[in-house]
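Listed here are the chains, written in short residue letters.
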Amino acid sequence: MYNFIRIGTVGFPSSKYLDIFKFEKINKLTFIIFESEINGLDDLYKAAEFFKINIEDKIEVKYVRQTWLHKQFMRVINKFFKSELLFYYLSGLHFSLKKNVSEDDILWTGDNDFENTNRYVKCIKKNFNNFLIRTYKETRHRVDNYEKNALDYADLLVLPNNAYFDFFKELYNLDLQDKSIIADLDWRYSGNIKYLNKLKVEKLSQIDGKFHVCILAGRVIWDKNEKRSANRYYYVDTIKKLIDLGIIVHIHARVIIKSNDNPIYEKNNPYELLVKTGKVFIEDMTLYAGSKDYDVLKSYDAGLLHPLIDDTEENIKVKKFQEINIPNRFYEYTMAGVMSIVEKGAGYEMEKIINDNDFGIVYDNEDDLKSKIEQHKNKYKKFDFSFDQLLSKILHSLDKNKESKK
């Protein structure tokens with residue numbers, strides 16, 4: 001029997017963790033999260049209620065509470081001292097782990113470079129002898145000692161695909177194959193996949209004869225020169241190409257962000273200007289198990305992935321990551337029976353999945369896109385990118401590790 005202590009950001013969708021109930025070997029999962037992460041568990045609780053699962057049988061949550069003063073100290077350390085040790089202790093995480101971790105517990109940290117969790121891994125390993133798993137996804141192609149330490153000190157890495165090995169080898173000269181398994185933390189809860197496979201929804205295209213494409217995104221930006229993400233969340237140019245082909249576009253984003261640097265975008269939201277064409281719609285969407293918005297998502301023909309990143313020197317750190325990235329939304333689209341659309345060159349690992357499964361469109365130009373839309377109309381496939389497969393691989397690795405110690 002294994003007890004897991006999950007440390008750090010929860011990540012969407014948190015409902016995926018309900019797959020632990022499929023495994024007798026998993027006794028308990030404890031989340032140790034900061035109070036600011038509390039909303040990240042909403043999806044987990046809603047899914048448990050919908051599927052009538054008693055969460056308390058296997059899941060508990062412990063919160064790391066921080067005072068205002070703690071947060072100010074951490075900002076100063078983050079900006080000026082760059083000290084993993086100070087950051088780790090002042091965060092309050094060490095004391096929470098001391099209180100809640102037993103010697104046989106499996107520690108599990110995740111998941112991205114922007115969450116500060118890379119900073120905790122080395123300190124956790126130096127203070128606890130427990131086996132430590134690190135699931136990892138979003139990063140950038142630039143040397144970061146916190147990231148190197150996280151990769152180096154983890155006992156088991158869970159990486160989305162084999163391309164990450166060369167990516168990190170080039171940055172840190174680390175050979176990670178022997179301590180890694182290939183699985184994606186963005187895989188969905190198996191129960192929700194089965195539910196959506198059975199959900200019958202008529203496509204909008206069958207009603208009005210037009211091809212409907214959605215953009216499902218956490219954020220959409222006005223200005224393609226935004227620095228952290230280059231232009232990977234800028235869809236204006238791509239939308240213009242789509243509506244020129246007579247395609248209807250539906251934007252579902254948590255937030256549409258205007259530029260802080262470019263004054264031409266301060267007053268004129270380019271997405272609202274596109275709405276005036278009558279071919280673009282900006283709509284709310286909240287996805288959780290049983291949500292009626294899944295009926296809406298299933299009614300679309302296709303979903304757009306990240307656009308092609310402009311090939312400039314300043315974009316190279318983002319571009320190299322996007323080449324190997326499988327976007328979170330791909331699994332949401334696929335689960336809902338919505339094919340993905342991506343421009344050729346935007347991400348070769350994503351292209352590979354689409355081509356290998358013959359579900360989705362990789363296009364060169366507008367004419368190629370128009371032709372492939374005609375070829376792929378009404379195509380539908382079922383896939384099983386389910387989180388229980390990730391858990392199976394982790395349990396297999398833990399069993400092997402236990403056997404090797406006998």
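Use the structure listed above.
Enquirer: Any chance you could explain the sheet that holds strand S13 (residues 361-363) here in plain terms?
Expert: Consider a sheet: its strands pair through backbone hydrogen bonds, and that pairing is either parallel or antiparallel. Within the open sheet, the 6 strands sit side by side as S10-S9-S8-S11-S12-S13. Their pairing is parallel. Each of the sheet's edge strands pairs with one partner strand only, and the pair in question is strand S10 (280-282) and S13. Each strand axis lies, on average, 25 degrees off the axis of its neighbour in the sheet, ignoring direction. Pairing of strand S11 (residues 302-304) with strand S12 (residues 339-343) involves 3 bridges; the strand directions are parallel. For Gly 303, the partnering residue across the bridge sits in S12 and is Ser 340. Strands strand S8 (212-221), S11 and S12 of the sheet are contacted by helix H14 (residues 328-335), whose axis makes an angle of about 150 degrees with S8. Relative to S13, helix H16 (residues 366-376) is tilted by about 160 degrees, and along the sheet it contacts S12 and S13.

Enquirer: Help me understand the sheet that holds strand S6 (residues 156-159) in this model?
Expert: Strand order in the open sheet made by the 7 strands is S3-S2-S1-S4-S5-S6-S7, with parallel pairing throughout. Where the open sheet ends on each side, the last strands, each with one partner, are strand S3 (59-64) and strand S7 (180-182). Looking at each pair of strands side by side, their axes are set apart by 20 degrees on average, direction ignored. As defined by bridge partners, strand S5 (residues 132-135) adjoins S6 across 3 bridges and the pair is classed as parallel. Across the sheet, the residue bridging to Ile 133 is Leu 156, located in S6.

Criteria and thresholds
- Residues numbered from 1 in each chain as written.
- Predicted model: local features only at pLDDT ≥ 70, side-chain atom pairs only at ≥ 80, totals over all residues.
- Heavy atoms only, no water.
- Pairing = 2+ DSSP bridges.
- Helix = DSSP H or I, 4+ residues; strand = E, 2+ residues; numbered from the N terminus.
- Axes fitted to C-alpha atoms, helices over the stretch in contact; angles between N-to-C directions.
- Contact = heavy atoms within 4.5 Å.

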